[in-house]
Amino acid sequence: MALTREEREEFLAQPHIAALSVYAGPDRAPLTVPIWYKYTPGGDIWFMTGRKSRKNQLISESGRITLMVDRLTPSVRYVSVEGPITDSYTGYAEHVREMASRYMAAEKVEAYVEYTSTAKEHADTIVHHMRPERWVGSDLGTF
């Protein structure tokens, strides 16, 4: 059964792990990777990636992404959303802290923030914002 707009937005606002897909060029399938993200109903989705990552390069080149989140219990449900990247900027510790607080136990957040500030692969972070334009969502019930 298709989800209403409110159901799709509420589901996307929950702390699921998203599969991010971005165009990877001719003769290539899209790059699809898991990410943490944040969404408030009615707003943009934001997420972080390394400045030098392939993911960031492809996002910068294509300017559009798709995110898909799903769950298996208590029923099979998913939401897929596509849209343009509307803003990109350097991320700071407060962005890392906000995102980590969404996905990690409170007692683990500060250690994670400290780790990402010193780890080479996380030290140069970009925050991307995506404006949802096209939605697909369904609840397949409890099969």
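Structure's up top.
About the thresholds
Residues numbered from 1 in each chain as written. Predicted model: local features only at pLDDT ≥ 70, side-chain atom pairs only at ≥ 80, totals over all residues. Heavy atoms only, no water. Buried < 20%, exposed > 50% of the residue type's maximum accessible area, 1.4 Å probe, protein only. Helix = DSSP H or I, 4+ residues; strand = E, 2+ residues; numbered from the N terminus. Pairing = 2+ DSSP bridges. Arc of directions from axis to C-beta. Contact = heavy atoms within 4.5 Å. Salt bridge = Lys/Arg side-chain N within 4 Å of Asp/Glu carboxyl O. Axes fitted to C-alpha atoms, helices over the stretch in contact; angles between N-to-C directions. Parallel < 35°, antiparallel > 145°, perpendicular 65-115°, else oblique. Left-handed = near helix turned anticlockwise from the far one by under 90°. Nonpolar A, V, L, I, M, F, W, Y, C, P; charged D, E, K, R; others polar.

A separate point is the pairing of strand 5 (residues 64-71). Residues Ile65, Leu67, Val69 and Arg71 of strand 5 are buried on one face, while the alternating residues Arg64, Thr66, Met68 and Asp70, pointing to the opposite face, are not. Relative to strand 5, strand 1 (residues 18-22) runs antiparallel, the two sharing three bridges. Each residue of the ladder has a partner; that of alanine 19, found in strand 5, is methionine 68. Bridge count for strand 5 against strand 6 (residues 76-90) is eight bridges, and the pairing is antiparallel. Bridge assignment links valine 69 to a residue of strand 6, and that residue is valine 79. Following strand 5, the chain reverses through four residues before pairing antiparallel with strand 6.

What follows is about helix 4 (residues 106-118). Among all positions of helix 4, only Val109, Val113 and Thr116 are buried. Within helix 4, the buried residues cover an arc of 75° as seen down the axis, which keeps them to one side. Looking at helix 4, the residues exposed on the side facing more than 90 degrees away from the buried face are Glu107, Ala111, Glu114 and Thr118. Among the structural elements, helix 3 (93-103) are those in contact with the buried residues of helix 4.

The final tally for this structure, using the stated rule, is eleven salt bridges. A salt bridge links lysine 38 to glutamate 98; its shortest N-O distance comes to 2.8 Å. In this pair, lysine 38 sits in strand 3 (residues 38-39) while glutamate 98 sits in helix 3, placing the two residues 60 residues apart along the sequence. Take lysine 38: its relative accessible area is 23%, and that puts it in the partly exposed class. By relative accessible area, which is 35% here, glutamate 98 ends up partly exposed. A salt bridge links arginine 97 to glutamate 110; the shortest N-O distance between them is 2.8 Å. Pair noted here: arginine 97 is in helix 3 and glutamate 110 is in helix 4, with a separation of 13 residues, a long-range link. Salt bridges sharing partners connect three or more residues here, namely Arg64, Glu82, Glu133 and Arg134.

Close contact between helix 3 and helix 4 brings their axes to 9 Å; oriented N to C, the two are set at 140°. By the angle class used here, helix 3 and helix 4 are oblique. The hand of the helix 3/helix 4 crossing is right-handed. Listed contacts from helix 4 to Ala93, Val96, Arg97, Ala100 and Ser101 of helix 3 are Val109, Glu110, Tyr112, Val113 and Thr116. In the contact of helix 3 with helix 4, the residues fall into six nonpolar, two polar and two charged.

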